[in-house]
Amino acid sequence: ADAAPGGSAMATDFSVACAMSKVFTSGARIVNLSYGAPYVGFHNATLHAPLHKMFSEFYYVRQGLLFLSAGNDSVFDGTPNLPYINMISAINKTGALTDFSNYGPIIDFTAPGEEIHCMGIDGKESIVKGTSFSSPIVAGVAALILSKNPALPNFVVEQILKASCTNSTPGWNAYYGWGMPDAQKALEMTP
């Protein structure tokens, strides 16, 4: 995303496609896009098919894992679950879905998305909220798994993420997906 200091940063579907092109030449296996759901969040319908082709190739050909933030519109996203995208919803400190997180069949995992302490663009501490902060948490757990065993196929990393999850209900649901991955448990489960 581009922004002047103090300005409002904005990504476009085209900038996401350009970033994915660079990922293909970098050898990266984990990508976090704190940008929004594939159809609710993406704005340029003419780029949907090319973006999804890139995402699919990243997963199936390059053994990559893509994590996307579900969006902050507090809406049901009826997009069917896509095996090459890990969509992340946001929970609050009590473990409940936040009042802003999107949800639906596309959700794979959840992570904290409120009262997140980070550094702002001005270099000072900020307290923020959004699924944009949930997604990199789950991507970070996946990166830890791969750092312990870089030879793992991407689907095994996803299996470890799922097996390490804590969830309010057993199995998958449309609010939390498989639940919130536990980094320590995930690393203990990584061969």
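Treat the numbers as computed from the prediction; the structure is a model and nothing was measured. In this numbering scheme, every chain counts its residues from 1 along its sequence in written order. Given that this is a predicted model, residues contribute local features only at a pLDDT of at least 70 and side-chain atom pairs are listed and counted only at 80 or more, while totals for whole chains, interfaces and linings are drawn from all residues. To get the side-chain values, take all heavy atoms of the structure and skip hydrogens and water.

Colleague: Before we move on, could you go through the pattern of salt bridges and cite the residues and values that matter?
Modeller: Salt bridge, as used here, is a side-chain nitrogen of Lys or Arg placed within 4 Å of a carboxyl oxygen of Asp or Glu. Within this structure, the stated rule accounts for two salt bridges. A salt bridge links E57 to R62; its shortest N-O distance comes to 3.2 Å.

Colleague: Tell me about the packing of aromatic side chains, and name the residues and values.
Modeller: Any two rings among Phe, Tyr and Trp, with Trp reduced to its six-membered ring, count as a pair given centres within 6.5 Å; such a pair is stacked if its planes are under 30 degrees apart, edge-to-face if over 60, and tilted if neither. Under the defined criterion, the tally for this structure stands at five aromatic pairs. Taking 5.9 Å as the distance between ring centres and 65 degrees as the angle between the ring planes, the aromatic pair formed by F76 and Y103 counts as edge-to-face. Here F76 is found in the loop between β2 (65-69) and β3 (86-91), whereas its partner Y103 is found in the loop between β3 and β4 (107-112), with 27 residues between them in sequence. Pairing Y175 with Y176 gives two aromatic rings, centres 6.4 Å apart and planes at 55 degrees, and the pair type is tilted. The class for Y175 is partly exposed, based on a relative accessible area of 41%. Assessed through its relative accessible area of 14%, Y176 is described here as buried. Elements are defined by DSSP. Helices are runs of H or I of four residues or more, strands are runs of E of two residues or more, and each kind is numbered from the N terminus. Any residue under 20% of the maximum accessible area for its type is buried, any over 50% is exposed, and the rest in between are partly exposed; the area is computed with a 1.4 Å probe on protein chains only.

Colleague: Could you give an account of the sheet that holds β3, with specific residues and numbers?
Modeller: Here, a strand pair is defined by DSSP locating no fewer than two bridges between the strands. If you trace the four strands from one edge of the open sheet to the other, you get β1-β2-β3-β4, paired in parallel fashion. With one partner strand each, in any of the chains shown, β1 (30-33) and β4 form the two edges of the open sheet. The average angle at which neighbouring strand axes cross in this sheet is 30 degrees, direction not considered. As paired elements, β2 and β3 share three bridges and run parallel to each other. Bridging from a neighbouring strand, F67 pairs with N86 of β3. Helix α2 (residues 48-60) contacts β1 and β2 of the sheet and is inclined by roughly 135 degrees relative to β2. In this description, contact between two residues means that some pair of their heavy atoms is separated by no more than 4.5 Å. Only C-alpha atoms enter the line fits that serve as axes; for helices the fit covers just the stretch in contact. Angles between N-to-C directions range over 0 to 180 degrees. Of the strands in this sheet, β1, β2, β3 and β4 are in contact with helix α3 (residues 131-148), which crosses β2 at around 160 degrees.

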